[in-house]
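Structure at a glance
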Amino acid sequence: MESPQCEQRITKVSLAEILKCFEHPISEEQAWAVCFQCCRKMEQLSQGLCPPLHSVFIKGPGSIFIHADGTASFKVYHKSGKSIDVGSIQQSGDKLLEYLGVVIYEALDWGIDSQVERELSDPLEKLLCLMLKLDDEAMRPAVTLQDVIKACEEHLSRPSEATSHYEMTCRSLFTEYMELQKLVTIIQTSKEVHLGSSLSCYSSVDLALAGFFEASLWPNVIRELQNGVKLRKATERPQCHAPPKECIRSPYELLLDDIQHKRYTLQKVSD
């Protein structure tokens, strides 16, 4: 029987979980999509949908959720039995855009060395500057929700397709996360089955080194999988005629090889 956890279907995932799984920042196109979907959600909430817009809380990638259908949602605060001043812990509508800009910038910069600055395209950089109120023109009116939505639409060659395009981009982002999580689960399960009984054969130093190499190589594996891996048939693989490189074998392997090739001399044992 399957466990209850297996029966539960995940319908949304936070942007923070996505970044942690991918081990690298989101792409610019994904940033445009997240921005557009979040602004569309804010627009819907401002028109009376539940929860009300004033209960939305945006602070960090963990407060934004991407859904399986490509829509977005936010962390919200609900009033408890006692009266609570939601405004004291939440941003105004104007501040929501600013904090959304901060989250998107963090997602674009996630995992990059602090001494390295990511170069963004001019349209996206301009939009983020407007959302973060970094524009030099002090007299420029504050950016509105409709301004950001319009900028996201005009980023496309066909603005009328913005809704379907960005929804598909976020849906692909969610699907990609789920597939990678499934792969991680398969790998971890396989390791537990095949290596669990033999861990006692290795020293703590061996296990530490194995963990280090796994942690350093895993992000590269994830990036390769995201870019796409094409498997070739055995007959299509190029033939390598170069002699194989000699690998360093353990004393046990050397002993086993000597026994297999009978490179030994047995001493006579008297009865």
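In this text, all values refer to a predicted model and were calculated from it rather than measured experimentally.

Cut-offs applied
- Residues numbered from 1 in each chain as written.
- Predicted model: local features only at pLDDT ≥ 70, side-chain atom pairs only at ≥ 80, totals over all residues.
- Heavy atoms only, no water.
- Helix = DSSP H or I, 4+ residues; strand = E, 2+ residues; numbered from the N terminus.
- Contact = heavy atoms within 4.5 Å.
- Polar contact = N/O pair within 3.5 Å; in protein donor to acceptor, adjacent residues only side chain to side chain.
- Axes fitted to C-alpha atoms, helices over the stretch in contact; angles between N-to-C directions.
- Parallel < 35°, antiparallel > 145°, perpendicular 65-115°, else oblique.
- Left-handed = near helix turned anticlockwise from the far one by under 90°.
- Nonpolar A, V, L, I, M, F, W, Y, C, P; charged D, E, K, R; others polar.
- Buried < 20%, exposed > 50% of the residue type's maximum accessible area, 1.4 Å probe, protein only.
- Arc of directions from axis to C-beta.
- Pairing = 2+ DSSP bridges.
- Patch = residues over 30% accessible without salt bridge, like charges linked within 9 Å, V, L, I, M, F, W, Y side chains within 5 Å.
- Areas by Shrake-Rupley, 256 points an atom, 1.4 Å probe, with all protein chains shown as cover.
- Salt bridge = Lys/Arg side-chain N within 4 Å of Asp/Glu carboxyl O.
- Lys, Arg positive; Asp, Glu negative; His and termini not counted.
- Charge placed at Lys NZ, Arg CZ, Asp CG, Glu CD.

1. Some thoughts on the environment of Glu-28
Here Glu-28 shows up in helix α3 (residues 28-46). Counting along the chain gives 96 residues from Glu-28 to Leu-124, while the straight-line C-alpha distance between them is 7.7 Å. The residues contacting Glu-28, other than those within four sequence positions of it, are Leu-108, Arg-118, Glu-119, Leu-120, Ser-121 and Leu-124. Within polar-contact distance, the side chain of Glu-28 engages the side chain of Ser-121 at 2.7 Å.

2. Topic: the packing of α3 against helix α5 (residues 122-131)
With their axes 11 Å apart at the nearest point, α3 and α5 run at an angle of 40° to one another. Classified by the interaxial angle, the pair formed by α3 and α5 is oblique. Considering only the axes of α3 and α5, their crossing is left-handed. Mapping the contact onto sequence places Glu-28, Ala-31, Trp-32 and Cys-35 in α3 and Pro-123, Leu-124, Leu-127 and Met-131 in α5. Class assignment of the residues belonging to the contact of α3 with α5 gives a composition of seven nonpolar, no polar and one charged.

3. Quick notes on the environment of Lys-59
Relative to the assigned elements, Lys-59 resides in the loop between β2 (56-57) and β3 (64-67). A residue is classified by how much of its surface remains accessible, and Lys-59, at 63% relative accessible area, is exposed. A sequence separation of 15 residues divides Lys-59 from Phe-74, and the C-alpha atoms of the two residues are 9.7 Å apart.

4. Examining α5
Residues of α5 that are buried include every one of Leu-124, Leu-127, Leu-128 and Met-131, and no others. On an axial view of α5, the arc spanned by its buried residues comes to 95°, and they lie on one face. Turned more than 90 degrees away from the buried face of α5, the exposed residues are Asp-122 and Lys-126. Backbone geometry just downstream of α5 places Lys-133 in the positive-phi region, at approximately 60°.

5. Notes on the sheet that holds strand β1 (residues 12-14)
If you walk across this open sheet you meet the four strands as β1-β3-β4-β2, and the pairing is antiparallel. This sheet does not close on itself; its edge strands, each paired only once, are β1 and β2. Across two bridges, the pairing between β2 and strand β4 (residues 72-76) is antiparallel. Residue pairing in the sheet places Val-56 in a bridge with Val-76 of β4. Each of β1 and β3 touches helix α2 (residues 15-22); the most contacted strand, β1, lies at about 75° to it.

6. Quick look at a negative patch on the surface
Side chains of Glu-117, Glu-119, Asp-122 and Glu-125 sit close together on the surface and give a patch of like negative charge. Structurally, the position occupied by Glu-119 is in the loop between α4 (93-109) and α5. What makes Glu-119 exposed here is its relative accessible area of 75%.

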